[in-house]
Amino acid sequence: MGRVNTLVIQGYGSNSQVETAYAARQAGADKADIVFFSDIAAGRVSLDEYDFLIFPGGFLDGDDLGAAQAASMRWRYMRDATGTLLYERLEKFYRDGRLILGICNGFQLLVKLGLLPGLDGTFTRQVSLGHNNSMRFEDRWVTLAANPESPCVFTKNLPLMRMPVRHGEGRLVPASQDVLDRLIRENLIALRYADPVSGEPTAEYPLNPNGSADNAAGLTDPTGCVLGLMPHPEAFNHVTNHPGWTRNEVDAPGTMLFLNAVQHLRGL
(Lines give C-alpha, C1' and ligand atoms only; values in the text may rest on other atoms or scores of the structure.)
Protein backbone atom coordinates (compact mmCIF):
# COMPACT_ATOMS: atom_id res chain seq x y z
CA MET A 1 0.00 0.00 0.00
CA GLY A 2 1.36 3.41 -0.99
CA ARG A 3 1.36 6.55 1.06
CA VAL A 4 -1.63 8.90 0.97
CA ASN A 5 -0.50 12.51 1.01
CA THR A 6 -3.20 15.13 1.49
CA LEU A 7 -2.97 18.83 0.64
CA VAL A 8 -5.35 21.33 2.22
CA ILE A 9 -5.34 24.78 0.62
CA GLN A 10 -5.65 27.83 2.87
CA GLY A 11 -5.64 31.57 2.37
CA TYR A 12 -7.80 34.50 1.25
CA GLY A 13 -10.47 33.78 3.87
CA SER A 14 -10.53 30.00 4.31
CA ASN A 15 -11.21 29.14 7.94
CA SER A 16 -11.77 25.38 8.20
CA GLN A 17 -8.35 24.13 7.15
CA VAL A 18 -7.17 22.88 10.55
CA GLU A 19 -10.13 20.59 11.26
CA THR A 20 -10.12 19.47 7.62
CA ALA A 21 -6.50 18.33 7.84
CA TYR A 22 -7.29 16.70 11.18
CA ALA A 23 -10.18 14.75 9.63
CA ALA A 24 -7.90 13.50 6.84
CA ARG A 25 -5.32 12.31 9.38
CA GLN A 26 -8.07 10.63 11.41
CA ALA A 27 -9.10 8.76 8.28
CA GLY A 28 -5.60 7.36 7.92
CA ALA A 29 -3.84 9.77 5.57
CA ASP A 30 -0.09 9.54 6.09
CA LYS A 31 0.17 13.29 6.10
CA ALA A 32 -2.11 16.25 5.66
CA ASP A 33 -0.28 19.48 4.90
CA ILE A 34 -1.95 22.88 5.19
CA VAL A 35 -0.44 25.12 2.52
CA PHE A 36 -1.10 28.68 1.45
CA PHE A 37 -2.30 29.20 -2.10
CA SER A 38 0.62 31.61 -2.56
CA ASP A 39 3.10 28.78 -1.90
CA ILE A 40 1.63 26.86 -4.83
CA ALA A 41 1.69 29.94 -7.05
CA ALA A 42 5.34 30.60 -6.12
CA GLY A 43 6.31 27.00 -6.87
CA ARG A 44 7.34 26.24 -3.27
CA VAL A 45 4.78 23.41 -3.18
CA SER A 46 3.83 21.13 -6.07
CA LEU A 47 0.48 19.41 -6.52
CA ASP A 48 2.41 16.46 -7.96
CA GLU A 49 3.56 15.57 -4.43
CA TYR A 50 0.00 14.79 -3.32
CA ASP A 51 -2.78 12.31 -3.94
CA PHE A 52 -5.71 14.03 -2.24
CA LEU A 53 -6.48 17.75 -2.68
CA ILE A 54 -8.96 19.53 -0.43
CA PHE A 55 -10.44 23.01 -0.75
CA PRO A 56 -11.86 23.77 2.71
CA GLY A 57 -14.67 26.06 3.78
CA GLY A 58 -14.47 29.74 4.56
CA PHE A 59 -15.19 33.11 3.02
CA LEU A 60 -12.83 33.39 0.07
CA ASP A 61 -12.17 37.08 -0.55
CA GLY A 62 -15.11 37.87 1.72
CA ASP A 63 -17.39 36.30 -0.92
CA ASP A 64 -17.25 39.62 -2.79
CA LEU A 65 -18.29 39.29 -6.47
CA GLY A 66 -19.99 36.02 -5.46
CA ALA A 67 -18.71 33.13 -3.40
CA ALA A 68 -15.30 31.91 -4.65
CA GLN A 69 -15.51 33.90 -7.88
CA ALA A 70 -12.25 35.80 -7.32
CA ALA A 71 -10.48 32.62 -6.21
CA SER A 72 -11.54 30.86 -9.41
CA MET A 73 -9.97 33.65 -11.44
CA ARG A 74 -6.67 33.20 -9.60
CA TRP A 75 -6.61 29.49 -10.39
CA ARG A 76 -7.56 30.08 -14.02
CA TYR A 77 -5.17 32.90 -14.90
CA MET A 78 -2.22 32.94 -12.49
CA ARG A 79 1.01 31.17 -13.47
CA ASP A 80 3.54 29.47 -11.25
CA ALA A 81 7.30 30.08 -11.22
CA THR A 82 7.75 27.99 -14.38
CA GLY A 83 5.17 30.03 -16.27
CA THR A 84 2.60 27.21 -16.23
CA LEU A 85 -1.01 28.14 -15.59
CA LEU A 86 -2.14 26.89 -12.19
CA TYR A 87 -5.30 25.65 -13.86
CA GLU A 88 -3.20 23.36 -16.03
CA ARG A 89 -1.57 21.96 -12.88
CA LEU A 90 -5.00 21.39 -11.38
CA GLU A 91 -6.30 19.75 -14.56
CA LYS A 92 -3.31 17.39 -14.63
CA PHE A 93 -4.00 16.45 -11.00
CA TYR A 94 -7.54 15.57 -12.02
CA ARG A 95 -6.59 13.72 -15.22
CA ASP A 96 -4.15 11.58 -13.21
CA GLY A 97 -7.11 10.15 -11.28
CA ARG A 98 -6.27 11.67 -7.94
CA LEU A 99 -9.01 12.84 -5.56
CA ILE A 100 -10.40 16.34 -5.06
CA LEU A 101 -12.79 17.43 -2.31
CA GLY A 102 -14.43 20.85 -2.00
CA ILE A 103 -16.31 21.73 1.19
CA CYS A 104 -18.73 24.69 1.33
CA ASN A 105 -16.65 27.55 -0.07
CA GLY A 106 -14.45 24.88 -1.65
CA PHE A 107 -17.52 23.43 -3.38
CA GLN A 108 -18.38 26.90 -4.66
CA LEU A 109 -14.86 27.14 -6.05
CA LEU A 110 -15.09 23.77 -7.84
CA VAL A 111 -18.31 24.72 -9.64
CA LYS A 112 -16.88 28.13 -10.59
CA LEU A 113 -13.83 26.38 -12.04
CA GLY A 114 -16.01 23.91 -13.93
CA LEU A 115 -14.46 20.86 -12.25
CA LEU A 116 -17.99 20.05 -11.10
CA PRO A 117 -20.03 18.57 -12.52
CA GLY A 118 -17.58 18.17 -15.42
CA LEU A 119 -20.13 16.78 -17.85
CA ASP A 120 -18.48 15.22 -20.92
CA GLY A 121 -15.10 15.81 -19.31
CA THR A 122 -15.20 19.51 -20.11
CA PHE A 123 -14.35 22.14 -17.50
CA THR A 124 -16.97 24.72 -18.30
CA ARG A 125 -19.30 26.27 -15.76
CA GLN A 126 -22.51 24.24 -15.88
CA VAL A 127 -24.01 24.96 -12.45
CA SER A 128 -23.71 27.63 -9.81
CA LEU A 129 -24.52 28.02 -6.14
CA GLY A 130 -26.85 30.94 -5.47
CA HIS A 131 -28.30 32.61 -2.40
CA ASN A 132 -30.34 30.41 -0.09
CA ASN A 133 -34.09 30.65 -0.66
CA SER A 134 -34.40 31.91 2.91
CA MET A 135 -32.20 34.87 1.87
CA ARG A 136 -30.21 34.50 5.06
CA PHE A 137 -27.14 32.73 6.36
CA GLU A 138 -28.06 29.21 7.49
CA ASP A 139 -26.19 27.70 10.45
CA ARG A 140 -27.79 24.40 11.47
CA TRP A 141 -27.40 20.61 11.41
CA VAL A 142 -28.89 18.72 8.49
CA THR A 143 -29.45 15.10 7.50
CA LEU A 144 -27.88 13.73 4.32
CA ALA A 145 -28.75 10.69 2.24
CA ALA A 146 -26.07 9.28 -0.06
CA ASN A 147 -27.08 8.21 -3.56
CA PRO A 148 -26.22 4.49 -3.74
CA GLU A 149 -26.08 4.64 -7.56
CA SER A 150 -23.56 7.47 -7.65
CA PRO A 151 -20.04 6.79 -8.98
CA CYS A 152 -18.69 8.99 -6.16
CA VAL A 153 -15.70 7.46 -4.37
CA PHE A 154 -16.36 9.45 -1.20
CA THR A 155 -19.97 8.39 -0.61
CA LYS A 156 -19.78 4.62 -1.20
CA ASN A 157 -21.91 2.63 1.27
CA LEU A 158 -22.53 5.59 3.54
CA PRO A 159 -25.49 5.43 5.92
CA LEU A 160 -27.81 8.34 6.64
CA MET A 161 -25.56 11.09 8.02
CA ARG A 162 -25.84 14.34 9.96
CA MET A 163 -23.48 17.28 9.81
CA PRO A 164 -23.67 21.08 10.03
CA VAL A 165 -24.19 23.63 7.29
CA ARG A 166 -23.09 27.24 7.57
CA HIS A 167 -23.54 29.18 4.35
CA GLY A 168 -25.46 31.97 2.67
CA GLU A 169 -24.99 30.81 -0.94
CA GLY A 170 -25.64 27.09 -1.11
CA ARG A 171 -28.58 26.67 -3.46
CA LEU A 172 -27.61 24.55 -6.46
CA VAL A 173 -28.70 26.27 -9.68
CA PRO A 174 -28.12 24.29 -12.92
CA ALA A 175 -27.47 26.29 -16.08
CA SER A 176 -30.42 24.58 -17.79
CA GLN A 177 -33.04 21.90 -17.36
CA ASP A 178 -30.92 19.66 -19.56
CA VAL A 179 -28.00 19.96 -17.14
CA LEU A 180 -30.25 19.09 -14.20
CA ASP A 181 -31.71 16.14 -16.09
CA ARG A 182 -28.21 14.82 -16.73
CA LEU A 183 -27.15 15.27 -13.12
CA ILE A 184 -30.10 13.14 -12.09
CA ARG A 185 -29.85 10.59 -14.89
CA GLU A 186 -26.09 10.09 -14.46
CA ASN A 187 -26.38 9.96 -10.64
CA LEU A 188 -24.00 12.88 -10.16
CA ILE A 189 -26.02 14.21 -7.23
CA ALA A 190 -24.07 12.22 -4.67
CA LEU A 191 -25.74 13.62 -1.53
CA ARG A 192 -29.23 14.99 -0.89
CA TYR A 193 -30.83 16.76 2.04
CA ALA A 194 -33.09 14.26 3.74
CA ASP A 195 -35.80 13.88 6.35
CA PRO A 196 -34.12 12.54 9.52
CA VAL A 197 -37.05 10.19 10.24
CA SER A 198 -37.89 8.72 6.84
CA GLY A 199 -34.44 9.15 5.30
CA GLU A 200 -36.06 10.35 2.09
CA PRO A 201 -34.80 13.42 0.18
CA THR A 202 -36.79 16.53 1.03
CA ALA A 203 -37.33 20.08 -0.16
CA GLU A 204 -38.92 21.08 3.15
CA TYR A 205 -37.26 23.98 4.93
CA PRO A 206 -35.21 23.89 7.13
CA LEU A 207 -34.43 20.21 6.46
CA ASN A 208 -33.31 21.46 3.06
CA PRO A 209 -31.64 24.69 4.20
CA ASN A 210 -31.18 26.40 0.83
CA GLY A 211 -33.72 25.12 -1.73
CA SER A 212 -31.22 23.33 -3.99
CA ALA A 213 -32.46 21.78 -7.20
CA ASP A 214 -33.45 18.14 -6.60
CA ASN A 215 -32.45 18.63 -2.93
CA ALA A 216 -28.77 18.41 -3.88
CA ALA A 217 -26.29 18.78 -1.03
CA GLY A 218 -23.29 17.43 -2.93
CA LEU A 219 -22.17 16.80 -6.53
CA THR A 220 -19.64 14.46 -8.03
CA ASP A 221 -18.15 14.26 -11.53
CA PRO A 222 -18.54 11.32 -13.96
CA THR A 223 -15.32 9.67 -12.70
CA GLY A 224 -16.44 9.87 -9.06
CA CYS A 225 -13.06 11.28 -8.07
CA VAL A 226 -14.30 14.80 -7.31
CA LEU A 227 -16.85 15.68 -4.64
CA GLY A 228 -18.20 19.05 -3.63
CA LEU A 229 -20.69 19.48 -0.81
CA MET A 230 -22.13 22.37 1.15
CA PRO A 231 -22.34 20.66 4.59
CA HIS A 232 -19.16 20.37 6.67
CA PRO A 233 -18.04 16.74 7.19
CA GLU A 234 -14.84 17.90 8.89
CA ALA A 235 -16.92 19.60 11.60
CA PHE A 236 -18.21 16.23 12.81
CA ASN A 237 -14.98 14.43 13.62
CA HIS A 238 -15.75 13.34 17.20
CA VAL A 239 -18.85 12.26 19.09
CA THR A 240 -18.79 15.44 21.17
CA ASN A 241 -19.28 17.55 18.04
CA HIS A 242 -22.81 16.13 17.76
CA PRO A 243 -25.49 18.46 19.20
CA GLY A 244 -27.23 15.51 20.87
CA TRP A 245 -24.23 13.66 22.24
CA THR A 246 -25.20 14.27 25.88
CA ARG A 247 -28.53 12.57 25.10
CA ASN A 248 -26.67 9.60 23.61
CA GLU A 249 -27.77 10.47 20.09
CA VAL A 250 -25.51 8.74 17.61
CA ASP A 251 -24.93 9.42 13.90
CA ALA A 252 -22.22 8.46 11.44
CA PRO A 253 -19.38 11.02 11.61
CA GLY A 254 -18.46 13.13 8.63
CA THR A 255 -14.98 11.63 8.65
CA MET A 256 -16.44 8.57 6.91
CA LEU A 257 -16.19 10.52 3.64
CA PHE A 258 -12.46 11.00 4.27
CA LEU A 259 -12.06 7.33 5.19
CA ASN A 260 -13.59 6.26 1.87
CA ALA A 261 -11.17 8.57 0.05
CA VAL A 262 -8.08 7.26 1.83
CA GLN A 263 -9.10 3.62 1.36
CA HIS A 264 -9.72 4.24 -2.35
CA LEU A 265 -6.27 5.72 -2.76
CA ARG A 266 -4.75 2.74 -0.97
CA GLY A 267 -6.62 0.39 -3.29
CA LEU A 268 -8.70 -1.12 -0.49
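Our subject is the structure listed above.
For clarity, every value in this text was computed on a predicted model and none was experimentally measured.

**Student:** Help me out: how do you make sense of helix H7 (residues 255-266) in this one?
**Tutor:** An α-helical turn contains 3.6 residues, so any two residues separated by three or four positions project in the same direction. End to end, H7 covers 17 Å across 12 residues, agreeing with the expected 16 Å (1.5 Å per residue, within 8%). For H7, every residue scored as buried is listed here: Thr255, Leu257, Phe258, Asn260, Ala261, Val262 and Arg266. If you follow the buried residues of H7, they end up packed against helix H1 (17-26), strand S3 (52-55), strand S4 (99-103), strand S7 (161-167), strand S9 (189-193) and strand S11 (226-229). Taken from the residues just after H7, Gly267 is the one with a positive phi, measuring 80°.

**Student:** Hey, could you run me through empty space enclosed by the protein in this one?
**Tutor:** Empty pockets left among the atoms are what a rolling probe the size of a water molecule brings to light. One pass over the full model with this rule turns up one cavity of 30 Å³ or more. The calculated volume of the largest cavity comes to roughly 140 Å³. Ile9, Gly11, Phe55, Leu60 and Leu109 are the residues nearest the centre of the largest cavity, which is lined by 15 residues in total. Every element with two or more residues in the lining of the largest cavity is listed here: strand S1 (5-10), helix H3 (69-77) and helix H5 (105-113). Of the residues in the lining of the largest cavity, the class split is nine nonpolar, five polar and one charged.

**Student:** Sorry if this is basic, but what is going on with the nonpolar core here?
**Tutor:** Soluble globular proteins: nonpolar side chains tend toward being buried together. In terms of nonpolar packing, the biggest core is built from 77 residues, with Trp75 and Ile100 touching the most fellow members. Excluding residues that lie within four positions of it along the chain, Trp75 makes contacts with Phe37, Ile40, Leu47, Phe55, Leu86, Tyr87, Leu90, Leu109 and Leu113.

**Student:** What should I look at first to understand the packing of H1 against H7 in this one?
**Tutor:** A pair of packed helices can be characterised by two numbers: the angle between their axes and the separation between those axes. Axis separation between H1 and H7 bottoms out at 8 Å; the angle between their running directions is 55°. Comparing the axis directions of H1 and H7 gives the class oblique. Every pair of crossing elements has a handedness; the one defined by H1 and H7 is right-handed. Side by side, H1 and H7 meet where Thr20, Ala23, Ala24 and Gln26 of the first sit next to Thr255, Phe258 and Val262 of the second. Classifying every residue of the contact of H1 with H7 gives four nonpolar, three polar and no charged.

**Student:** How should the pairing of S9 be read in this particular structure?
**Tutor:** The side chains of a regular strand alternate between the sheet's two faces. Most of S9 is tucked away, with five of its five residues classed as buried. Pairing analysis gives three bridges linking strand S6 (residues 138-146) to S9, with the strands arranged antiparallel. Looking across to S9, one finds that Ala145 is bridged to Arg192. The pairing of S9 with strand S10 (residues 216-220) spans three bridges and is antiparallel. Paired with Arg192 across the bridge in S10 is Ala216.

Rules used in this analysis
- Residues numbered from 1 in each chain as written.
- Predicted model: local features only at pLDDT ≥ 70, side-chain atom pairs only at ≥ 80, totals over all residues.
- Heavy atoms only, no water.
- Helix = DSSP H or I, 4+ residues; strand = E, 2+ residues; numbered from the N terminus.
- Expected span 1.5 Å × (residues − 1).
- Buried < 20%, exposed > 50% of the residue type's maximum accessible area, 1.4 Å probe, protein only.
- Contact = heavy atoms within 4.5 Å.
- 1 Å grid on protein atoms, 1.4 Å probe; cavity = no way out; pocket = protein on both sides within 12 Å on 5 of 7 lines; lining within 4 Å.
- Points joined across faces, edges and corners; volume = space filled by probe spheres on them.
- Nonpolar A, V, L, I, M, F, W, Y, C, P; charged D, E, K, R; others polar.
- Core = buried A, V, L, I, M, F, W, Y, C linked by side-chain atoms within 4.5 Å.
- Axes fitted to C-alpha atoms, helices over the stretch in contact; angles between N-to-C directions.
- Parallel < 35°, antiparallel > 145°, perpendicular 65-115°, else oblique.
- Left-handed = near helix turned anticlockwise from the far one by under 90°.
- Pairing = 2+ DSSP bridges.

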